[in-house]
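Notes for the structure review
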Amino acid sequence: MSKGMVTESSEEVNFGETLLRVEGLTKYFSQGSGFIGNLLNDDEVKAVDDVTFNIAKGETLGLVGESGCGKSTLARTVLRLLEPTDGAVWFKDDNLAEMSGEELRTMREDMQMIFQDPQSSLDPRMKVGPIVEEPMKAHGLYKGQREERARMLLEKVGLDPQHYNRYPHQFSGGQRQRVNLARALAVNPDFIVCDEPTSALDASIQAQVLNTMRDLQDEFGLTYLFISHDLSVIRHISDRVAVMYLGQLVELAETEELFENPQHPYTNALLQSIPVPDPRHGGQRGVLEGDVPSPIDPPSGCRFRTRCPRLIAPEKYDLTLEEWDDIKAFMRETERRTFELDGEASLRQEFFPNGTPDGEAGSLVETSIDDVLNDDWDAAEERLTESFAEQSICAQEIPEYEVESEHGNDIHIAACHLHHDDISGSANAD
Ligand SMILES: Nc1ncnc2c1ncn2[C@@H]1O[C@H](COP(=O)(O)OP(=O)(O)OP(=O)(O)O)[C@@H](O)[C@H]1O
């Protein structure tokens, strides 16, 4: 690829062709409690676990998820700023996971990253012109043309090229992020990972910076992986969206499809928890109940199952949906100790107003009620979890399904067993 021109805009971009393919990417952090701990691998943080997706040339893939779900680790591992534990990252035709030294350095020209905090990523002692020129120097590019190119880029990102000699502190937060954009563009990359680039900015400034990023994308033929915990930002900027939970992708679809036709209970919960400007219009909060489990020991099967309102009933008990809802509520609240015990009658009235189920499921519930009444919450929790939660398909198989899209033509993937053929037609699917 030619890097010779100062004012080059996009090269011929073949939109739709895959630029980046991430296959089974995995990153575990060792907590390192000595030799035995490492040997047993029993305290590794499973920050990213078996993640697969593509990004097409010229596309923006949004990556969204709660804090701590592994977004930044995924981004850094994609760029090989972190060593992957397993998996492959194909950029163009090369597997980054197998590259090293000079080969990797050259490849990095084409892959840049922008971070959340525009302040800390700019050296306060350097003027912004030289800051933008730094990557050109580091990669030995644009010799003799660097200042001209830096001024051109400052202008492209919406700054005054005359400000080449100013220091970062002389700019506002939004302007500093524009300097970062100019620096990321310095070596004419094809791919930019944007890690919460506008999260530290006021809403109005955020929108302006996002619009500039979109304009730059068109002009320079850029491909973005755009990370944010903010769904409205993700919706604004992305062509497709990947939703991440506890180290894994749970849903991936075109933006409109994901927002209008979400197919994973976690995505639904995220969408429902978006604060709405007018509280009279609802905007349920607290739909995401319970804590995120530890990434050291994530739940088997679907990782969201311990918080999922749609946890699927174990097949073996043949429960009605109402019976399963009662058991689920009792199991969850026993586990979280979220109800006050006020005698047997009130417990039954609260959780089983229509009585407990017949058969094996019923006797398991009855014994667990006795345990709670005898103040042995641990025994009740253990029995309910082992007999019900762990027997669900959600605990036993890792889900991955392609579902029908209602909007657009692209593939819609939802990692939820509600899309299993045997379940989608049953009471569980209602
Ligand atoms: N160097 C590290 N060593 C050990 N654990 C780590 C390390 N870096 C991240 N983690 C853990 O990996 C998990 C994923 O963290 P990560 O920062 O990737 O999440 P995130 O979704 O980007 O969160 P945020 O939005 O808050 O930045 C977390 O449990 C975090 O504590």
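Summarised in this report is the structure supplied together with it. Predicted model only: the values in this text are computed from it and were never measured.

**Structural notes on the nonpolar core**
Core analysis: the biggest nonpolar cluster contains 97 residues, and Leu63, Val78, Val132, Ala182, Ile192, Leu225 and Val243 have the highest contact counts within it. Counting only domains with at least three residues in this core, you end up with domain 1 (18-238) and domain 2 (315-391). When neighbours within four sequence positions are excluded, leucine 63 is seen to be in contact with Lys71, Leu74, Leu225, Phe226, Ile227, Ala242 and Met244.

**Considering the site of the ligand**
What surrounds the ligand is a group of 13 residues, the closest being Phe29, Ala47, Ser67, Ser72 and Thr73. In terms of residue count, the dominant contributor to the shell around the ligand is helix α2 (residues 71-78) (three residues). For the shell around the ligand, the residue count by class is five nonpolar, seven polar and one charged.

**Notes on the packing of helix α6 (residues 173-185) against helix α7 (residues 203-220)**
At their nearest, the axes of α6 and α7 sit 10 Å apart, and the two run at 15° to each other. What the angle tells us is that α6 and α7 run roughly parallel. Both α6 and α7 take part in a crossing whose hand is right-handed. Taken together, the residues of α7 that come into contact with α6 (itself represented by Gly173, Gly174, Gln177, Arg178, Leu181 and Leu185) are Ile205, Gln208, Val209, Thr212, Met213, Leu216 and Phe220. Residues of the contact of α6 with α7, tallied by class, amount to seven nonpolar, five polar and one charged.

**Some points on the packing of helix α4 (residues 128-138) against α6**
Across the interface, α4 lies against α6 with an axial gap of 7 Å and an inter-helix angle of 35°. At the point where α4 passes α6, the crossing takes the right-handed sense. In this structure, α4 contributes Val128, Ile131, Val132, Glu134 and Pro135 to the contact, and α6 contributes Val179, Ala182 and Arg183. In terms of residue class, the contact of α4 with α6 is built from six nonpolar, no polar and two charged.

**Points about the environment of isoleucine 423**
Assignment of secondary structure puts isoleucine 423 in helix α16 (residues 421-424). Sequence separation between isoleucine 423 and alanine 313 is 110 residues, and the spatial gap between their C-alpha atoms is 9.8 Å.

**Topic: the environment of leucine 79**
Structurally, the position occupied by leucine 79 is in the loop between α2 and β4 (86-91). The residues contacting leucine 79, other than those within four sequence positions of it, are Met111, Met113 and Val193.

**Side note on the sheet that holds strand β1 (residues 18-29)**
An order of β2-β1-β4-β5 is seen for the four strands of this open sheet, with the pairing classed as antiparallel. Each edge of the sheet is formed by a strand with only one pairing partner; in this case those strands are β2 (45-56) and β5 (94-95). The strands that α2 touches are β1, β2 and β4; relative to β1, the one it contacts most, it runs at about 120°.

**Things to note about the sheet that holds strand β10 (residues 248-254)**
The eight strands are arranged β6-β7-β8-β3-β9-β10-β12-β11 in an open sheet whose pairing can be described as mixed. Either end of the sheet is taken by a strand with one partner, and the two such strands are β6 (111-114) and β11 (401-403). Strand-to-strand twist of the sheet, defined as the mean angle between neighbouring strand axes without regard to direction, takes the value 20°. Bridge analysis of strand β3 (residues 60-64) against strand β8 (residues 223-228) gives five bridges, and the strand direction is parallel. Across the sheet, the residue bridging to leucine 63 is isoleucine 227, located in β8.

Analysis parameters
Residues numbered from 1 in each chain as written. Predicted model: local features only at pLDDT ≥ 70, side-chain atom pairs only at ≥ 80, totals over all residues. Core = buried A, V, L, I, M, F, W, Y, C linked by C-beta atoms within 7 Å. Buried ≥ 20, exposed ≤ 12 C-beta atoms within 10 Å, placed from the backbone. Domains from an automatic or database assignment. Contact = placed C-beta atoms within 7 Å. Near = placed C-beta within 6 Å. Helix = DSSP H or I, 4+ residues; strand = E, 2+ residues; numbered from the N terminus. Nonpolar A, V, L, I, M, F, W, Y, C, P; charged D, E, K, R; others polar. Axes fitted to C-alpha atoms, helices over the stretch in contact; angles between N-to-C directions. Parallel < 35°, antiparallel > 145°, perpendicular 65-115°, else oblique. Left-handed = near helix turned anticlockwise from the far one by under 90°. Pairing = 2+ DSSP bridges.

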